[in-house]
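# Geometric and topological summary
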Amino acid sequence: MHDVRETLMQGRNSDGQPVRRPLSPHLQVYKPQISSVLSIFHRLSGVALTGGVVVLALWLAAAAESPHTFLIAQRLVDSFAGQLVLFGFTVMLFYHFCNGIRHLLWDAGYGFDLSTMHRTGYIVIGATLLLAALAWVVGFAIG
Amino acid sequence: MNEVNSARKMRSALGQVRGYGPAKSGLRHWRAQRLSAIALLPLTFYFVISILVLKGANQVAVRAYMHEPWNAVLFLGLAVCLFYHAQLGLEVVIEDYIHNEGRRVLLLLLMRGSVAFFGLLATISILKLAL
């Protein structure tokens with residue numbers, strides 16, 4: 001079934017040609033805001049992290065397979081590209097983690113007013129960067 | 001009493017006749033997503049610490065780590081919650097953005113199959129390392 005709103009979106013341009021008007025929310029003219037950007041990034045990070053769990057499964061499988069297979073897996077992880085991907089997953093993980101707490105608090109009925117929502121949004125960004133940096137500093141310190 | 005009933009009944013008579021509204025399984029999905037998220041809060045910390053502990057480790061060290069019952073249990077719990085939460089999340093994303101019914105059903109089946117495959121791969125691998 002087509003979107004019922006489409007019935008209201010039929011129009012004609014100045015040449016008299018029928019046109020389909022764009023459906024709300026008109027993403028191309030919508031100003032990005034902290035609320036919408038963080039919300040979109042929550043989904044984006046969630047989808048990206050499913051790639052992360054696949055990598056985790058393969059890493060565990062390599063360890064279960066044989067010492068040789070695991071050596072290859074560890075080399076891939078230690079490569080520059082591997083480290084870059086791993087850093088990306090770290091940021092995504094901590095973002096999804098922090099913003100997930102924000103979502104759980106909303107589900108419990110807290111933090112709905114605009115100023116609180118904006119403040120918790122910035123807290124999430126700060127906490128994400130802090131936790132990701134902390135994890136990598138500790139990782140480098142371990143050696 | 002009547003007032004309470006009408007307040008609780010959110011669907012109009014017409015909406016009920018036309019079959020609008022939930023398919024009666026929405027709350028279960030919503031709850032499962034939240035409960036798996038709550039379980040993943042402590043498990044994520046455990047996971048990050050484990051990855052840091054296992055940084056640069058060889059296979060013998062990983063096996064020794066998973067051989068500890070606590071680690072095996074926590075890693076199994078992590079894998080179950082993680083793959084379950086991933087499936088629930090991807091379901092919502094696919095249902096939201098794929099409007100063609102045939103394609104949506106096909107993609108949901110493919111996604112669930114893939115999540116089950118990699119979830120089982122992770123679980124069996126943890127068990128093999130642990131035992």
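Remember, it's a predicted structure, so these values are computed and weren't measured experimentally. (Residues numbered from 1 in each chain as written. Chains lettered and ligands numbered in written order. Predicted model: local features only at pLDDT ≥ 70, side-chain atom pairs only at ≥ 80, totals over all residues. Heavy atoms only, no water.)

## Side note on the packing of helix α4 (residues 59–67) of chain B against helix α5 (residues 69–97) of chain B
Residues and elements named next belong to chain B. For the pair α4 and α5, interaxial distance at closest approach is 5 Å and the crossing angle is 90°. Accordingly, the angle class assigned to the pair α4 and α5 is roughly perpendicular. Between α4 and α5, the contacting residues are Tyr65, Met66 and His67 on the first element and Pro69, Asn71, Ala72 and Phe75 on the second. Looking at the contact of α4 with α5 residue by residue, the class counts come to five nonpolar, two polar and no charged. (Axes fitted to C-alpha atoms, helices over the stretch in contact; angles between N-to-C directions. Helix = DSSP H or I, 4+ residues; strand = E, 2+ residues; numbered from the N terminus. Parallel < 35°, antiparallel > 145°, perpendicular 65-115°, else oblique. Contact = heavy atoms within 4.5 Å. Nonpolar A, V, L, I, M, F, W, Y, C, P; charged D, E, K, R; others polar.)

## Points about the nonpolar core
A general trend in soluble globular proteins is that nonpolar side chains are found buried together. Among the nonpolar cores identified, the biggest contains 43 residues, and Trp59 and Leu60 of chain A together with Val62, Phe75, Leu78, Phe83 and Leu129 of chain B are the most heavily contacted of them. Going through the elements one at a time, α1 (34–65), α2 (67–78), α3 (80–107) and α4 (114–142) of chain A together with α3 (26–53), α4, α5 and α6 (101–130) of chain B are the ones with two or more residues in this core. Top contributing element to this core by residue count: α1 of chain A, with nine residues. Excluding residues that lie within four positions of it along the chain, leucine 60 of chain A makes contacts with Met66, Phe75, Ala122, Ser125, Ile126 and Leu129 of chain B. Among the nonpolar cores identified, the runner-up in size contains six residues, and Ile34, Phe97, Cys98 and Val124 of chain A belong to it. (Core = buried A, V, L, I, M, F, W, Y, C linked by side-chain atoms within 4.5 Å. Buried < 20%, exposed > 50% of the residue type's maximum accessible area, 1.4 Å probe, protein only.)

## Description of the confidence of the model for chain B
The predicted coordinates should not be examined in detail at positions where pLDDT is low. Mean pLDDT over chain B: 88, with 85% of residues reaching 70 or higher. The lowest-confidence element of chain B is helix α1 (residues 2–8) of chain B, averaging 48 in pLDDT; the highest-confidence one is α6 of chain B, averaging 96. (pLDDT = per-residue confidence, 0-100.)

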